[in-house]
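Analysis of the macromolecular model
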Amino acid sequence: MARFDANGFPLSPGVHLLEASAGTGKTFALAHLVLRLVAERGWALRELLVVTYTEAAAAELRDRIATRLQAALTALDDGAPPPSAPGAALIPLIDTTLADWLAQVRADAAGPDPALLRGRLLLALEELDAADITTIHGFCRRTLQRQALEAGCAPDLTIESQSDGLVEQVVHDYWQRQVLALPPSLLAGLQDARLAPDLLASLLTTLDGDPALRLAPLPSGWSLETCLSTLLPGLLQDRWTAFLNEWRQRGEALVQELCGAAAQWSSLRPAGAKAPNITPYAAKPTKDRVALLNDWITAQPPQADYEAVRNQELLTGYFHPGTFCRIARKLEGETPRRLPQAPLMKAVAALVEGPAELALLHACHWGRAELARRRERRGVVTFSQLLERLDPGPDERVASPLLEAVAARYRAALVDEFQDTDPIQWRILRRAFGQGQHLLVLVGDPKQAIYRFRGGDLATYRRAAQAAGEPFDLLDNRRSTSALVQACNALMAQIGRAHV
């Protein structure tokens, strides 16, 4: 890892990662890099894309860039001395980094003359209001407006600021038309599994706000055009039949293996220690659970009764793989033994949980699609849909004319708060600016990449770090002084001694 040098940082094409903790001067570094790109490379400010996380952060970054450009222009006009020289304090905004940069520029005989530098800085200040210093969603919106033809959308995009209860409307329609149309026993079983409108609304709201979240595909033969009340009863019956077949073949053997596991678990306790709690299992059970379950099966109607399945304690407890794995992990560690009679135990889980899980999956797929349809009819898009429309997809071999147009517009992209970038955002940035023809600078704090609620995705950060190679590091804390740190350490030491 190399220490970041604001004046020595390479401006050549490629992906570069700056790793920085809070208070280490990320905004300062970005503003100085913009100054160098404008002054040294002669790139227009409109050829640079500067992206950060929030509107407030974008406004602050724009102000800092303006201040940096103005400070450089002032220094060029006034011939500002180094900060340590007499009278330097009278000239505002000229820090050591800027003074060193001015000295390098003046010492470079092959570099641009001062008059050309002034012209470039003046032009950049004039272009500042129209510069693309924005959030990732702001960048997506501007791109879709500018490249409406390639995107296949209207240039006057209307952003949905409030859903006005749209998610609740979609959930209500799904519940009324598809869930309540199920057979009563199947509906009761789903409700026993805690499937309710509130749960659907919560999940759909999360999915709607994060396009990077991917749903598992629907089962083969399932379609959103087919009502859940048509699909789910047949699936339940198939799961019931599969369970019965496995039970007839493996039921006795499963009980024997569970008794053997219980005997082994009981032997794990150290001498004199209390016996581990392995309920409901026992080495020598007092109940004939095979006979009990056989009697229950005999009493069932030909058509599977999901409510009865969900209320059968042997299926939800003793024979369920979740119960076995919970005890096995507690006593054997995170890699317990394989499931006894695995085909049967998996068939139990598929019967008990499968219908509820697939009903939830169908509802989420249908809800996402229905939200998109209703917004299209209204002529509005959400911030998440902005990302989806620019997403080139995971296959880089597939051409993306839209992002090719984006790449032609900019020469460099600087991304602040990169740890909050999700997989779709990274695909957009990588396809547009990470192919070797652009300078792509990513500034992030890997310690914060775990915050998924803000969009962060640790795997995405690691992929970007791999593409960038050795990162640069901002190490100096600029939000505190040595005296403040020493005082805090002394205070904490006294508190620590007081609690000893």
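Relevant structure appears above.
This report concerns the structure included in the present document.

Rules behind the numbers
Residues numbered from 1 in each chain as written. Predicted model: local features only at pLDDT ≥ 70, side-chain atom pairs only at ≥ 80, totals over all residues. Heavy atoms only, no water. Phe/Tyr/Trp six-rings, centres within 6.5 Å; stacked < 30°, edge-to-face > 60°. Helix = DSSP H or I, 4+ residues; strand = E, 2+ residues; numbered from the N terminus. Buried < 20%, exposed > 50% of the residue type's maximum accessible area, 1.4 Å probe, protein only. Lys NZ or Arg CZ within 6 Å of the ring centre and 35° of its normal. Pairing = 2+ DSSP bridges. Core = buried A, V, L, I, M, F, W, Y, C linked by side-chain atoms within 4.5 Å. Contact = heavy atoms within 4.5 Å. Axes fitted to C-alpha atoms, helices over the stretch in contact; angles between N-to-C directions. Parallel < 35°, antiparallel > 145°, perpendicular 65-115°, else oblique. Left-handed = near helix turned anticlockwise from the far one by under 90°. Nonpolar A, V, L, I, M, F, W, Y, C, P; charged D, E, K, R; others polar. Salt bridge = Lys/Arg side-chain N within 4 Å of Asp/Glu carboxyl O. 1 Å grid on protein atoms, 1.4 Å probe; cavity = no way out; pocket = protein on both sides within 12 Å on 5 of 7 lines; lining within 4 Å. Points joined across faces, edges and corners; volume = space filled by probe spheres on them.

What the rule picks out here adds up to 16 aromatic pairs. Aromatic side chains phenylalanine 9 and phenylalanine 472 sit 4.9 Å apart centroid to centroid with 65 degrees between the ring planes, which places their arrangement in the edge-to-face category. Placement of the pair is phenylalanine 9 in the loop between strand 1 (2-3) and strand 2 (14-20) and phenylalanine 472 in strand 7 (residues 472-474), with a sequence separation of 463 residues. Among the residues examined, phenylalanine 9 registers a relative accessible area of 1% and is labelled buried. On the numbers, 5.0 Å between centres and 50 degrees between planes, the contact of tyrosine 281 with tyrosine 318 is tilted. Placement of tyrosine 281 in the loop between helix 10 (228-266) and helix 11 (289-298) and of tyrosine 318 in helix 13 (residues 313-318) is noted, with a sequence separation of 37 residues between them. Both residues of the pair, tyrosine 281 and tyrosine 318, count as buried. Stacked on the ring of tyrosine 318, the Lys or Arg arginine 289 has its end atom at 4.1 Å from the ring centre. It is arginine 409 that lies over the ring of tyrosine 410; its NZ or CZ is 5.9 Å from the centre.

Glancing now at the pairing of strand 2. Burial of strand 2 is extensive: 7 of the 7 residues sit out of reach of the surface. The two faces of strand 2 match: Gly14, His16, Leu18 and Ala20 on one face and Val15, Leu17 and Glu19 on the other face are all buried. Two strands pair when backbone bridges link them, and strand 2 and strand 6 (residues 439-444) are joined in this way by 6 bridges, in the parallel orientation. Across the sheet, residue leucine 17 finds its bridge partner in strand 6, namely leucine 442. Strand direction decides the pairing type here: strand 2 and strand 7, joined by 3 bridges, are parallel. Residue pairing in the sheet places leucine 18 in a bridge with phenylalanine 472 of strand 7.

This part takes up the nonpolar core. Counting 64 residues, the largest nonpolar core has Leu232, Phe243, Leu293, Leu315, Phe319 and Phe324 as its most contacted members. Here the element with the most residues in this core is helix 10; it accounts for 16 residues. Not counting residues within four places of it along the chain, the set of residues in contact with leucine 315 comprises Phe243, Leu293, Trp296, Val309, His320, Val348, Leu351 and Val352. With 47 residues, the next largest nonpolar core counts Phe9, Leu18, Val34 and Leu474 among its residues.

This part is about the sheet that holds strand 4 (residues 132-135). Reading across the sheet, the 7 strands line up as 1-7-2-6-5-3-4 and stay open at both edges, with parallel pairing between neighbours. Two strands in the sheet have a free side with no partner beyond their single neighbour: strand 1 and strand 4. Bridge analysis of strand 1 against strand 7 gives 2 bridges, and the strand direction is parallel. When the sheet's bridge partners are listed, alanine 2 is paired in strand 7 with phenylalanine 472. Each of strand 2 and strand 6 touches helix 20 (residues 458-468); the most contacted strand, strand 2, lies at about 125 degrees to it.

This brings us to helix 15 (residues 342-352). For helix 15, the complete set of buried residues consists of Leu344, Met345, Ala347, Val348, Ala349, Leu351 and Val352. Looking at the buried residues of helix 15, the elements they touch are helix 10, helix 12 (306-311), helix 13, helix 14 (321-332) and helix 16 (354-378).

All right, on to the packing of helix 7 (residues 166-179) against helix 16 then. Where helix 7 meets helix 16, the axes come as close as 10 Å, and the angle between the chain directions of the two elements is 125 degrees. In terms of orientation, helix 7 and helix 16 fall into the oblique class. The two elements helix 7 and helix 16 meet at a crossing, and its hand is right-handed. The residues of helix 16 that touch helix 7, namely those facing Leu166, Val167, Gln169, Val170, Asp173, Tyr174 and Gln178, are Ala359, His362, Ala363, Trp366, Gly367, Glu370, Leu371, Arg374, Arg375 and Arg378. Across the contact of helix 7 with helix 16, the residue classes break down as 8 nonpolar, 4 polar and 5 charged.

Right, let's talk about the pairing of strand 3 (residues 48-52) for a bit. Of all the 5 residues making up strand 3, 5 are buried; the element is thus mostly covered by neighbouring parts of the structure. With burial as the criterion, each face of strand 3 is covered, one bearing Leu48, Val50 and Thr52 and the other bearing Leu49 and Val51. The sheet contact formed by strand 3 and strand 5 (residues 412-415) spans 4 bridges and is parallel. Across the sheet, the residue bridging to leucine 49 is alanine 413, located in strand 5. Relative to strand 4, strand 3 runs parallel, the two being bridged by 4 bridges. In the sheet register, valine 50 faces strand 4, and the bridge partner there is isoleucine 133.

At a minimum axis separation of 11 Å, helix 5 (residues 136-146) and helix 18 (residues 401-409) run at an interaxial angle of 105 degrees. Taken together, helix 5 and helix 18 sit at an angle that is classed as roughly perpendicular. Contacts between helix 5 and helix 18 involve Phe139, Thr143, Leu144 and Arg146 on the former and, on the latter, Leu402, Val406 and Arg409.

Because the α-helix completes a turn every 3.6 residues, residues three or four places apart line up on one side. Among the residues of helix 5, Ile136, Gly138, Phe139, Cys140, Thr143 and Leu144 are the ones counted as buried. Those residues of helix 5 that are buried are in contact with strand 3, strand 4, helix 6 (148-151), helix 17 (383-390), helix 18 and helix 19 (423-433).

A separate point is the side chain of arginine 68. Looking at where arginine 68 falls in the secondary structure, it is placed in helix 2 (residues 55-78). Arginine 68 sits in the buried class, given a relative accessible area of 6%.

So, on to the pattern of salt bridges. With the rule as written, the count across this model stands at 21 salt bridges. Across the salt bridge formed by arginine 68 and aspartate 95, the nearest N and O atoms sit 2.4 Å from each other. A residue pair is termed long-range when its members are at least 10 positions apart, and arginine 68 in helix 2 and aspartate 95 in the loop between helix 2 and helix 3 (96-107) qualify at 27 residues. Residue arginine 397 pairs with aspartate 395 through a salt bridge whose shortest N-O separation is 3.0 Å. Overall, aspartate 395 belongs to the partly exposed group, its relative accessible area being 30%. Taken together, the shared-partner salt bridges connect Asp173, Arg177, Glu370, Arg373 and Arg374 into one network.

Inspection of the entire model under this criterion finds 1 cavity of 30 Å³ or more. Of the volumes computed, that of the largest cavity is approximately 50 Å³. Of all the elements in the fold, those that place two or more residues in the lining of the largest cavity are helix 7, helix 9 (197-209) and helix 16. Residues of the lining of the largest cavity, tallied by class, amount to 7 nonpolar, 1 polar and no charged.

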